[in-house]
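Each chain, letter by letter, is given below.
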Amino acid sequence: MKVNIDMGAAAGRAVADLDLEELLATRLLVQGNSGSGKSHLLRRLLEQSAPWVQQCILDPEGDFVTLADKFGHQVIDAARTEAELTRIAGRVRQHRVSVVLNLEGLDVEQQMRAAAAFLGGMFDAERDHWYPVLVVVDEAQLFAPAVGGEVSDEARKLSLGAMTNLMCRGRKRGLAGVIATQRLAKLAKNVAAEASNFLMGRTFLDIDMARAADLLGMDRRQAEMFRDLGRGNFVALGPALSRRPLKITIGPVETSARSASPKLMPLPDAPEDARDLIFTPGPEEATLAVRRPPPPRPVPTADILAQLSQPKPAPEPPAQPVFAIIDETERETGIDTVLREILEDPDAAFRSDAVLYQDFLVRCRIRRVPGEPLALPAFRRRLAVARAGVDESTGGETWAMALSLSETLPDDLQGMFLLVARAAINKDPCPSDATLARAYGSHSPRRAQRLLAYFEERGLLVARTDFHGRRVLAFPDLGCETGPGHPDAPDTPQRDAAE
Ligand SMILES: Nc1ncnc2c1ncn2[C@@H]1O[C@H](COP(=O)(O)OP(=O)(O)O)[C@@H](O)[C@H]1O
Ligand SMILES: [Mg+2]
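- For the protein, an unreviewed UniProt entry supplies the name Helicase HerA domain-containing protein and the organism Camelimonas fluminis.

What follows is the structure, given as structure tokens:
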């Protein structure tokens, strides 16, 4: 079905069309400095396409909640637990409801975690629910920053991983990413690179202009034109928009942004008692008025240098722990037991990590596993290792090497990689596509083949076929290879599980 969305006016043509079906397949990146009209553009796109496609907006400023009144979007306040957001996202896909995830009021780290949990739930939706959704992310550099910032590494990894999944691997699952950013240079390259459609607005900085030119395949002098674009004007390029760079002017919108640009307003007449007004505390402040201690005086540089040149004092003896010492072995055994219990359920392979994680936490509580519960990324990793069916302590050096290779892969591919690596180390026959698919949590043998091709592209393994049509996977870094195995063989349960 061909649906053209009317984005406004194009130079030399009456209407600036956007081919919606093509957009679903090829994604969109919008770039422009603050105030260039990106959010307005996204709103135009959302309003025009609302009757045709499900929409999900990640909204850091709470701008898009106004879509609810006119277009029926449900607003999801992001101040919830990550597990809850993941489950809501699953239901959003199941019931095909358009939503705005309102992230306003959360600090940056919380925004990243919430976005990751929500996108994760959308991405991990059951195959039956892979309907097309436009996933619009405004201020995408917040969620996929090019460099580390003040937030924790873990939050950044989660959020960047979710954005990478959206843009690189979302298409098969019906997720079509539409992302907007103020500064291309601040957006992770791999996330930007997956969009095939571009709308470039006013851009001042040379570094952003250069990146825009690279993405669009223009020479850098040509890209100078982005400097002079007015508010609401964009250069469009891509299969869903135009084959050649085309200037367009975004048309009006029906709903309004909650946060508009500041407008100049005449000042009120200066009150005579202005001084009193600002220095007299209000009645409710009076009770709170506790004076802060003055800041410490700065230490003179000479003193600091003197301190640094003094010999290091002997380290203090370790303080007695305040809390009971946790028995590490007991904790490890507990976690291993729980993981094994979970994996014994044959359906576990087809449940998303988020669901398994919930199950894991509950079981740990039941078994009174001591210590802090594992965080989700650590859980994923342990699960991948447990799925591969190798006991980490007895695997030897090659296995340690395989583990460190697996860490270069996205979390959800590690399990499958470790499974083939284990087969190679044990000289077992190469697992069939069906077995590999199960390790990835899928029923699709083709997916397994594609993932093997991906491992091969990354130089982790080399696949060859013997004269009987059986597959052998060799691992150059590990110096070993699997025995030959038929790719089409039925799924066999893992050896350890069978024992
Ligand atoms: N095409 C347009 N037509 C009319 N007003 C626009 C247009 N594009 C942007 N504006 C207005 O300009 C201001 C800034 O636009 P906005 O979309 O918030 O910019 P950005 O998201 O790039 O910072 C808003 O008040 C918006 O309503
Ligand atoms: Mg904006």
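After presenting the structure, the write-up continues.
1. Some words on helix H13 (residues 353-366)
Part 1 of the argument: Taking 1.5 Å as the rise per residue, H13 with 14 residues should run 20 Å; its terminal C-alpha atoms sit 20 Å apart, in good agreement.
Part 2 of the argument: Within H13 the residues assigned to the buried category are Asp353, Ala354, Leu356, Tyr357, Phe360 and Cys364. With its buried residues spanning 155° around the axis, H13 presents them on a single face. Residues of H13 that are exposed and point over 90 degrees away from its buried face: Arg365 and Ile366.
Part 3 of the argument: At its buried positions, H13 is contacted by helix H4 (82-95), helix H12 (328-344) and helix H14 (376-388).
Part 4 of the argument: A positive backbone phi angle near 55° is found at arginine 368, which sits one or two residues after H13.

2. Things to note about the environment of valine 100
Part 1 of the argument: By the element assignment, valine 100 lies in strand S7 (residues 99-102).
Part 2 of the argument: Assessed through its relative accessible area of 0%, valine 100 is described here as buried.
Part 3 of the argument: Here the alpha-carbon distance between valine 100 and alanine 68, two residues 32 residues apart in the chain, equals 8.2 Å.
Part 4 of the argument: Excluding residues within four positions of it along the chain, valine 100 makes contact with Ile57, Asp59, Phe64, Val65, His73, Gln74, Val75 and Ile76.

3. Focus: the side chain of arginine 44
Part 1 of the argument: Along the chain, the position of arginine 44 falls in helix H2 (residues 38-49).
Part 2 of the argument: Classification of arginine 44 as buried rests on a relative accessible area of 7%.
Part 3 of the argument: Ignoring anything within four residues of it in the chain, the contact list for arginine 44 reads Asp6, Met7, Gly8, Ile250, Gly251, Pro252 and Val253.

4. Examining the sheet that holds strand S15 (residues 480-481)
Part 1 of the argument: Taken together, three strands build an open sheet; the order of strands is S13-S14-S15 and the sheet is antiparallel. Each edge of the sheet is formed by a strand with only one pairing partner; in this case those strands are strand S13 (462-465) and S15.
Part 2 of the argument: Note that strand S14 (residues 471-475) and S15 share two bridges and pair antiparallel. Pairing of phenylalanine 475 across the sheet is with cysteine 480, part of S15.
Part 3 of the argument: Along the sheet, helix H16 (residues 411-425) makes contact with S14 and S15, crossing S14 at roughly 95°.

5. Concerning the packing of H4 against helix H5 (residues 108-123)
Part 1 of the argument: It is at 7 Å that the axes of H4 and H5 come closest, and there the two elements cross at 35°. Classified by chirality, the crossing of H5 by H4 is right-handed. Of the residues in H5, those touching H4 at Glu82, Leu85, Thr86, Ile88, Ala89, Gly90, Val92 and Arg93 are Arg113, Ala114, Ala117, Phe118, Gly121 and Met122.

6. Description of the packing of aromatic side chains
Part 1 of the argument: Counting across every chain of the model gives six aromatic pairs.
Part 2 of the argument: Ring geometry for phenylalanine 360 versus phenylalanine 379: centroids 4.8 Å apart, planes at 40°, classification tilted. With phenylalanine 360 in helix H13 and phenylalanine 379 in helix H14, this pair connects stretches of sequence that are 19 residues apart.
Part 3 of the argument: For phenylalanine 379, a relative accessible area of 0% translates into the label buried.
Part 4 of the argument: For the pair phenylalanine 417 and phenylalanine 475, a centre-to-centre distance of 5.9 Å together with 70° between the ring planes defines the contact as edge-to-face.

7. Considerations on the nonpolar core
Part 1 of the argument: In terms of nonpolar packing, the biggest core is built from 53 residues, with Phe118, Met163 and Phe226 touching the most fellow members.
Part 2 of the argument: Considering each element in turn, this core owes the most residues, eight residues, to H5.
Part 3 of the argument: Discounting chain neighbours no more than four positions away, the residues touching phenylalanine 118 are Cys56, Leu58, Ile76, Leu85, Ile88, Ala89, Val92, Val99 and Leu101.
Part 4 of the argument: Counting residues in each nonpolar core, the second largest holds 34 residues, with Leu45, Phe64, Val178 and Leu246 among its members.

Rules and cut-offs
Residues numbered from 1 in each chain as written. Chains lettered and ligands numbered in written order. Predicted model: local features only at pLDDT ≥ 70, side-chain atom pairs only at ≥ 80, totals over all residues. Heavy atoms only, no water. Helix = DSSP H or I, 4+ residues; strand = E, 2+ residues; numbered from the N terminus. Expected span 1.5 Å × (residues − 1). Buried < 20%, exposed > 50% of the residue type's maximum accessible area, 1.4 Å probe, protein only. Arc of directions from axis to C-beta. Contact = heavy atoms within 4.5 Å. Pairing = 2+ DSSP bridges. Axes fitted to C-alpha atoms, helices over the stretch in contact; angles between N-to-C directions. Left-handed = near helix turned anticlockwise from the far one by under 90°. Phe/Tyr/Trp six-rings, centres within 6.5 Å; stacked < 30°, edge-to-face > 60°. Core = buried A, V, L, I, M, F, W, Y, C linked by side-chain atoms within 4.5 Å.

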